[in-house]
Amino acid sequence: KAGVTQTPRYLIKTRGQQVTLSCSPISGHRSVSWYQQTPGQGLQFLFEYFSETQRNKGNFPGRFSGRQFSNSRSEMNVSTLELGDSALYLCASSLEVGGAKNIQYFGAGTRLSVL
Amino acid sequence: EDQVTQSPEALRLQEGESSSLNCSYTVSGLRGLFWYRQDPGKGPEFLFTLYSAGEEKEKERLKATLTKKESFLHITAPKPEDSATYLCAVQARGEGKSTFGDGTTLTVKP
């Protein structure tokens, strides 16, 4: 069974640009969450989607947005990039939200560098 | 607000030297506590989930335990391949998001 797939693995952008990251969850999983990981802040929750609806959002500015498609694939977008957005962006999928089977499985991440 | 604190921040062991990692948490109604292993440049790999105080799970040289305030990850006779960062996370009831600790970086020397 294929795991969580994130593309691209690496990205280099300059300040002010925007970027779109993609996540394909494990087959059958309907919930997708996004996290930002930096050395100083650790893993910080960005948002969570279930059945194309955003169920929860972390404390990030509006420049960070996401969406989920009918096939459960998800994208996140960061507009007007800042140097501080450089991080490893992780996607996690799970069967459902808040239920007993809600074990989150992570992808390998997208490493974003903002110059 | 949910909080997770892991200690120590870093741990260096000799091969075969057993030890424990600590995860203290506060959460409004624990649904589950999760342990992950993360290798450099990779995403977190799921290890265990614990749901109630007194529960224990084992996998090879690792054993996770849970009380009402903390969890321990015991590593018995570690090997160099156990070197990684171990992350602890909690989920509150009814929520899908996880709150993570900053992790413990374990180095096992041969």
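Residues numbered from 1 in each chain as written. Chains lettered and ligands numbered in written order. Predicted model: local features only at pLDDT ≥ 70, side-chain atom pairs only at ≥ 80, totals over all residues. Heavy atoms only, no water.

Trainee: Would you explain the pattern of salt bridges in this entry?
Mentor: If the charged atoms of two oppositely charged side chains come close together, the side chains can form a pair. Evaluation of the coordinates by the stated rule reveals eight salt bridges over all chains. Across the pair Lys 63 of chain B and Glu 56 of chain B runs a salt bridge whose closest N-O atoms are separated by 3.3 Å. Take Lys 63 of chain B: its relative accessible area is 28%, and that puts it in the partly exposed class. Note on Glu 56 of chain B: relative accessible area 48%, which makes it partly exposed. Via salt bridges that share partners, Arg 63, Glu 82 and Asp 85 of chain A belong to a single interconnected network. (Salt bridge = Lys/Arg side-chain N within 4 Å of Asp/Glu carboxyl O. Buried < 20%, exposed > 50% of the residue type's maximum accessible area, 1.4 Å probe, protein only.)

Trainee: I would appreciate a short explanation of the sheet that holds strand β8 (residues 74–78) of chain A in the present structure.
Mentor: To summarise the sheet geometry, strands pair through backbone hydrogen bonds and adopt either a parallel or an antiparallel arrangement. Residue and element names in this part refer to chain A. Across the sheet, four strands lie side by side as β1-β3-β8-β7; this open sheet has antiparallel pairing. In this open sheet, the two edge strands, each paired with only one partner strand, are β1 (5–7) and β7 (64–68). Shown here is a sheet whose adjacent strand axes are inclined to one another by a mean of 15°, direction ignored. Where strand β3 (residues 19–24) meets β8, five bridges bridge the pair, whose relative direction is antiparallel. (Pairing = 2+ DSSP bridges. Helix = DSSP H or I, 4+ residues; strand = E, 2+ residues; numbered from the N terminus. Axes fitted to C-alpha atoms, helices over the stretch in contact; angles between N-to-C directions.)

Trainee: In this structure, what is going on with the interface of chain A and chain B? I would like to understand it.
Mentor: The parts lose accessible area when they come together, and the size of an interface is often stated as this lost area. Opposite the 22 residues of chain A that make contact, chain B presents 20 residues. In this assembly, chain A packs against chain B so that about 1,500 Å² is buried in total across both faces, 52% of it on carbon and sulfur atoms. When the buried surface of chain A facing chain B is broken down by residue, Leu 43, Ile 103 and Phe 106 of chain A rank first, second and third, together holding 29% of it. Summed over the shared surface of chain A and chain B, the number is zero salt bridges. Linking chain A with chain B are five residue pairs in polar contact (both at pLDDT 80 or more). Considering every element that reaches the side of chain A that touches chain B, the biggest residue donor is strand β5 (residues 42–50) of chain A, with four residues. Of the residues belonging to the side of chain A that touches chain B, the class tally is eleven nonpolar, nine polar and two charged. (Contact = heavy atoms within 4.5 Å. Buried area = accessible area lost by both parts, 1.4 Å probe. Polar contact = N/O pair within 3.5 Å; in protein donor to acceptor, adjacent residues only side chain to side chain. Nonpolar A, V, L, I, M, F, W, Y, C, P; charged D, E, K, R; others polar.)

Trainee: Explain the state of the cysteines here, please?
Mentor: As used in these notes, a disulfide is a covalent bond between sulfur atoms, one from each of two cysteines. All names here are of chain A. What the rule picks out here adds up to two disulfides over all chains. One disulfide in the model links Cys 23 with Cys 91; its S-S distance is 1.8 Å. Taking the sign of the S-S torsion, -60° for the link of Cys 23 and Cys 91, the bridge is left-handed. On the criterion of sequence distance, the pair formed by Cys 23 in strand β3 and Cys 91 in strand β9 (residues 87–94) is long-range, its members being 68 residues apart. (Disulfide = S-S within 2.5 Å.)

Trainee: Any chance you could explain the sheet that holds strand β6 (residues 56–59) of chain B here in plain terms?
Mentor: Residue and element names in this part refer to chain B. Overall, antiparallel pairing links the five strands, which are arranged β1-β3-β8-β7-β6 in an open sheet. Of all the strands in the sheet, just β1 (3–7) and β6 have a single pairing partner and so form its edges. Geometrically, the sheet is characterised by an average inter-axis angle of 15° between neighbouring strands, direction not taken into account. Sheet topology note: the strand β7 (residues 62–66)/strand β8 (residues 70–75) ladder contains five bridges and is antiparallel. Of the residues in β8, the one forming a bridge with Leu 62 is Ile 75.

Trainee: Just to check I follow, could you spell out the side chain of Ser 71 of chain B for this structure?
Mentor: Residue and element names in this part refer to chain B. Within the fold, Ser 71 resides in strand β8. A relative accessible area of 0% places Ser 71 in the buried class. At 2.9 Å, the side chain of Ser 71 and the side chain of Trp 35 are in polar contact. Excluding its chain neighbours within four sequence positions, the residues that come into contact with Ser 71 are Leu 21, Asn 22, Cys 23, Leu 33, Trp 35, Leu 50, Thr 65 and Leu 66.

Trainee: How should the side chain of Thr 65 of chain B be read in this particular structure?
Mentor: Residues and elements named next belong to chain B. Following the sequence through the fold, Thr 65 ends up in strand β7. A residue is classified by how much of its surface remains accessible, and Thr 65, at 13% relative accessible area, is buried. Other than its neighbours up to four places away in sequence, Thr 65 contacts Leu 50, Glu 55, Glu 56, Glu 70, Ser 71, Phe 72 and His 74.

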